[in-house]
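# Coordinate analysis (summary)
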Amino acid sequence: MTFLNVTAPGYEHHRDPLGIGESVPRLSWTVRTDLPGWAQRAYEIELDDGTATGPIESEQSVLVSWPGTALTSRERRGARVRVYGHDDSVSGWSPWSWVEAGLLEAADWRAEAAAPPVELLGAPDGPAPLLRREFTLRGPVASARLYVTAHGLYEVELNGRRVGDDVLAPGWTSYSHRLRYRTFDVTELLHEGGNAVGAWLADGWYRGKVGFEGGRTRIYGERTALIAQLEIRYADGTSETVVTDGGWRCAPGPVTAASLYEGERHDARLEQRGWSLPGFDDSAWQPVCVLGHDPALLVAPSGPPVRRIEQRDPVKIVSSPSGKTILDFGQNIAGRLRLRVRGEAGRTVTLRHAEVLEDGELCVRPLRAASSVDAYTLRGEGVEEWEPRFTLHGFRYAEVDGWPGPIEHGAIHAVVCHTGMERTGWFDSSDETLDRLHENVLWSMRGNFVDIPTDCPQRDERLGWTGDIQVFAPTATFLYDCAGMLASWLADLAAEQAELGTVPVYVPWIPLLFPAEPVAAWGDAAVIVPWTLYERYGDPELLRRQYPSMRAWVDQCAERAGDGHLWDSGFQLGDWLDPAAPPDRPFDARTDRSLVATAYLARSARLLSQAAAVLGEEKDHRRYDDLADRVCAAFDTEYVSPSGRLVGDSQTAYALALRFGLISGDGRRARAGRRLVELVRESGHRIGTGFVGTPLICDALVEAGAADDAYHLLMQRECPSWLYPVTMGATTVWERWDSLLPDGSVNPGDMTSFNHYALGAVADWLHRTVAGLAPAAPGYRRILVRPLPGGGLRHASAAHRTPYGRAEVRWERAGGRLDLEVVVPAGATATVVLPGEPDRPVEVGAGHHRFTCAFRDAADDPVAERPGFFGPSRPQPDDTVDLVAEGA
Ligand code: BGC
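Residues numbered from 1 in each chain as written. Predicted model: local features only at pLDDT ≥ 70, side-chain atom pairs only at ≥ 80, totals over all residues. Heavy atoms only, no water.

### Some points on the pairing of strand E11 (residues 130–137)
So the rule is basically this: At least two bridges found by DSSP between two strands are what make those strands a pair. Strands are runs of DSSP state E lasting at least two residues, helices are runs of H or I lasting at least four, and both sets are numbered from the N terminus onward.
Two elements, E11 and strand E17 (residues 193–202), share eight bridges in a ladder whose sense is antiparallel. Opposite Arg133, over in E17, you have Val197 as the bridge partner. Pairing analysis gives three bridges linking E11 to strand E20 (residues 249–251), with the strands arranged antiparallel. Counted as the bridge partner of Leu130 is Ala251 from E20.

Now the structure itself:
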């Protein structure tokens, strides 16, 4: 019995299409079938208003144009789809799915900005006041929507119940250009008669402290404010709107201080019971101040909000040498603690957070000025539950002071918070240490995809450093569906760039912390991130939207490079955190900074030319291709010797030159490849790259014909290497190769985070090359399955939920053979290249495929026979047994 099912359509990149900003949302669906090789010939869409496309001959199933009239503000529509196969199969109709527009026009907004009176605000990161208003509904409610945002951070309650589950809403955008509002369905929270709406309001990114070296406060303004519009439709068809206006009242709340970096203080004795219920006596509250705001800045989100994703129990509770109680959650996370406590009124429980211990005590030095201390003062009535609202910490350990009695099981949890993205990528192998590395990469993504892609979640930064996401985007887009989140961040990048005249090193931009100068590999995020999203999600519109920003970046760098096409002036971060750089000079890399800058100019110009081709910008396509050629030639002349050696002679220099196609002539390229292999061997297969070289080195070694050396580098456990931190107990990727030194002490440098995803960019190589699952056409419409087994691994697998459905690759080797299993989703195809058979690609369609070929792993050969191969990742004993048992 065969089946052919199609999912209900999704809209744009939304997980929950309520209150979207697109009036003609594109639709995507996936097909599940056991019909081998199934491919779509046509689709048919029906909308709930009667619009019916009839069968449309098209293989497209991802981001298909909206077939009806454009949605107007608040309009809700349903859609369903059915598909026809090339084999004349026809699916049934999918279930209906629903999409609802938010407020699409500035004129839809009637809400004013309700601001607490100045005397309730205090200094930045001070108390979080409460706002409230009562209103009467004259009849039964058919439906109700709350459109809400804030200058600052907010949480809303309706009739005593929390609205939604967003954390740190409205998140961080470049508020002076774009402020996201959220749409909530609050029908169930309202009733006929008296109702009340209340809000907590904190400073957050708007007015609180953000940034390093003292940071900045009041970046976006002096006054926080709530902007809320509650629209009610009665059962009788009439409607009513309650907005933030002068009728709201305000009072101090129990949150006496709230800081993203420094933590939150909550005095439960100051709680006012029933404050967000109707009938509460607010006569002692003060009227809010009504401030103007620009509704044209309000935009609907393109991705999911930050949420509380998972709760973790401590794995250990220990007493430190100095007698402190320390909880170990066994995993470094971004989040906060949740308490259940019973004790006397006025007692304060204090929580300190850190990523690591040093000499058995909490090590808070790496936090720099982000002290990360929460404090809860008990009201003294029964069991009290508390979790901070307006702060977040990067931690694995927490020190608890002031707890009444022993800490019982279940009394304290860690709550993991990050953007509520859908998980889409998995990797697994026969090596536990390698799997833990992959797990660490995943956790560093989770710790740093907190509304914007940040560098780290713990110290006084947590900024959207462009270079970090530039190198990590290929990994990120595999592990989670982050299209919507990164699209929002890129919109901010473009907005900041337009204002500053360059792509800043972090987005959103904070003036005065850093020079607004073009910096290679960082600013290149403007080109590389959109291109990566296009490659992984197949969305040309996103590319189109970013195109002016991409072009402006390349034009600016080309201008810097001048007629000589070498970018060799101005401030550069270079191959940041090269392991040879001294702890206090992270930019002091082995690789010439101008070489890095020129290499990136060539790369971005080339990608821009490809983007231009996709968008039909023929003139630009040729122009930027030509620019890329010129920069490559200039690079070649300036940095590559006639025989193919590079100035600088570093792992990163060769990796850049090989991967970005900067060396002319097969012979010279081969020579460069050989020199890279020599360098890697001379280093004892220890990594010698920083942020720039790290994502490229393994691919470069494979390109140089030295896959074994790539594996040796990957499987290395001595410092510096990818696996060294794993051997030291890391549960996330560290900022520097030796954030923890081999003697167990914490690196004395200022840049010592234990949760930075940049060096985890190698996971993309694990997915594409070790397991062998890579996109060969935008959105994985064609998949390249080209595993490169090695490193003594006996099996490896990757799975990815592509826009067409789940793709899987799994290989296993034993007895001189390799078995490969491939799952191709309906609507996609795959090119399968077996190890050792590069010239015999096999094309397959949707379905489950098995291949077998002869295969021997070099790592199984006796060590003595393999020059350059030595060290701890030598063959495991059972590998040897395997070999003997085979008898060859
Ligand atoms: C951040 C990095 C960033 C770098 C560049 C650091 O402080 O944590 O990840 O890319 O600065 O200067």
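### Some points on helix H14 (residues 763–771)
In plain terms, the rule: Only protein chains enter the calculation, and the probe is 1.4 Å; a residue is then buried if its accessible area is under 20% of its type maximum, exposed if over 50%, and partly exposed in between.
Most of H14 sits out of view: eight of its nine residues are buried. Of the residues making up H14, those classed as buried are Ala763, Asp764, Trp765, Leu766, His767, Thr769, Val770 and Ala771. After H14 finishes, the residue Gly772 shows a positive phi value of roughly 100°.

### Let's talk about the sheet that holds strand E8 (residues 76–85)
In space, the five strands of this open sheet follow the order E3-E9-E8-E6-E7, with mixed pairing throughout. Among the strands making up the open sheet, the edge pair consists of strand E3 (18–20) and strand E7 (56–57). Here four bridges tie E8 to strand E9 (residues 97–101), and the two strands are oriented antiparallel to one another. In the sheet register, Ala79 faces E9, and the bridge partner there is Ser97.

### Looking at the site of the ligand
Threshold: Definition of nearness: a residue and a molecule or strand are near each other if at least one heavy atom of the residue lies within 4 Å of the molecule or strand. Any pair of N or O atoms that falls within 3.5 Å is considered a polar contact. Within protein, one atom must be able to donate a hydrogen and the other to accept it, and sequence-neighbouring residues count only if both atoms are side-chain atoms. Values of accessible area rely on a 1.4 Å probe in the Shrake-Rupley scheme; residue burial ignores everything except the protein chains shown. Each residue gets one label: Ala, Val, Leu, Ile, Met, Phe, Trp, Tyr, Cys and Pro are nonpolar, Asp, Glu, Lys and Arg are charged, and the others, such as Gly, are polar.
The local shell around the ligand consists of Asp455, Arg459, Glu461, Trp465, Asp468, Trp522, Leu573, Trp576, Phe691, Glu735, Met751 and His756. One nitrogen or oxygen atom from the side chain of Arg459 is found 2.7 Å from an oxygen atom belonging to the ligand. Separating an oxygen atom of the ligand from a side-chain N or O atom of His756 is a distance of 2.9 Å. Within the complex, the protein chains bury 97% of what would otherwise be the 310 Å² of accessible surface of the ligand. Residue composition of the shell around the ligand, grouped by class: six nonpolar, one polar and five charged.

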